[in-house]
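Each chain, written out:
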Amino acid sequence: MDIMLKHVIINLVLSLVFLSGIEGMAQTITGVFPMIVGKQIKLSGFEGFDKYDIDSTIVNENGVFQLAYRAEDHGMGYIAAEDNNPFIVILAPDEDLRLEGETLDIPQTVTIK
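The notes below deal with the structure included here. (Residues numbered from 1 in each chain as written. Predicted model: local features only at pLDDT ≥ 70, side-chain atom pairs only at ≥ 80, totals over all residues. Heavy atoms only, no water.)

**Side note on the pattern of salt bridges**
Okay, step 1: Using the criterion set out here, one finds five salt bridges in the structure.
Okay, step 2: Across the pair Lys-113 and Glu-100 runs a salt bridge, and its minimum N-O distance is 3.5 Å. You can see Lys-113 sitting in the segment after strand E8 (111–112) and its partner Glu-100 sitting in strand E7 (residues 97–100), a full 13 residues away along the chain.
Okay, step 3: We classify Glu-100 as partly exposed; its relative accessible area is 22%. (Salt bridge = Lys/Arg side-chain N within 4 Å of Asp/Glu carboxyl O. Helix = DSSP H or I, 4+ residues; strand = E, 2+ residues; numbered from the N terminus. Buried < 20%, exposed > 50% of the residue type's maximum accessible area, 1.4 Å probe, protein only.)

**Examining a nonpolar patch on the surface**
Okay, step 1: Taken together, the side chains of Phe-46, Met-76, Ile-88 and Ile-90 make up a nonpolar region of the molecular surface, amounting to roughly 390 Å² of accessible area.
Okay, step 2: Relative to the helices and strands, Ile-90 resides in strand E6 (residues 87–91). (Patch = residues over 30% accessible without salt bridge, like charges linked within 9 Å, V, L, I, M, F, W, Y side chains within 5 Å. Areas by Shrake-Rupley, 256 points an atom, 1.4 Å probe, with all protein chains shown as cover.)

**Observations regarding the nonpolar core**
What tends to happen in soluble globular proteins is that the nonpolar side chains get buried as a cluster.
Okay, step 1: Counting residues in hydrophobic clusters, the biggest one holds 18 residues, and the most contacted among them are Ile-29, Ile-41, Leu-43, Ile-79, Val-89 and Leu-99.
Okay, step 2: Broken down by secondary-structure element, the contributors of at least two residues to this core are strand E2 (40–47), strand E4 (64–69), E6 and E7.
Okay, step 3: Leu-43 has contacts with Ile-29, Asp-53, Ile-54, Asp-55, Leu-67, Ala-68, Tyr-69, Tyr-78, Ile-79, Val-89 and Leu-91, leaving out every residue within four places of it along the chain. (Core = buried A, V, L, I, M, F, W, Y, C linked by side-chain atoms within 4.5 Å. Contact = heavy atoms within 4.5 Å.)

**Describing the sheet that holds strand E1 (residues 27–32)**
Okay, step 1: With respect to topology, four strands assemble into an open sheet ordered E4-E1-E7-E8, the strand pairing being mixed. Looking at strand neighbours, the two that pair on one side only are E4 and E8, the edges of this open sheet.
Okay, step 2: Pairing between E1 and E7: four bridges, direction parallel. Paired with Ile-29 across the strands is Leu-97, a residue of E7. (Pairing = 2+ DSSP bridges.)

**Structural notes on the pairing of E4**
Okay, step 1: In E4, alternate side chains face the same way, and those of Phe-65, Leu-67 and Tyr-69 are buried while those of Val-64, Gln-66 and Ala-68 on the opposite face are not.
Okay, step 2: Sheet topology note: the E1/E4 ladder contains six bridges and is antiparallel. From the neighbouring strand, Thr-30 faces E4, where its bridge partner is Gln-66.

Such coordinate-based values are descriptive only and should not be taken to indicate function.
What follows is the structure, encoded as structure tokens:
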């Protein structure tokens, strides 16, 4: 195999690896909710009428959590703490969300940034 063909193959492989990494990049939802420290929080999405889990985490000691979703998860979704009271979110393909508030149970206290 000549050197030029090796360079073409290497460049092609590197380009495919790079592009697949970009496509798999996740968007995030970051929340600051001091009243739910230590609780598990879940992000769920919908495929038609069926619900599926996307991500979950434990809210840290500062009341901060971060959930990730992929571009394929775009559409309607919701976040719920252990009490299962949903807070509806729109999962946009190229948008990170930041939520702040007291608790997800009181949506009037939640601000979206």
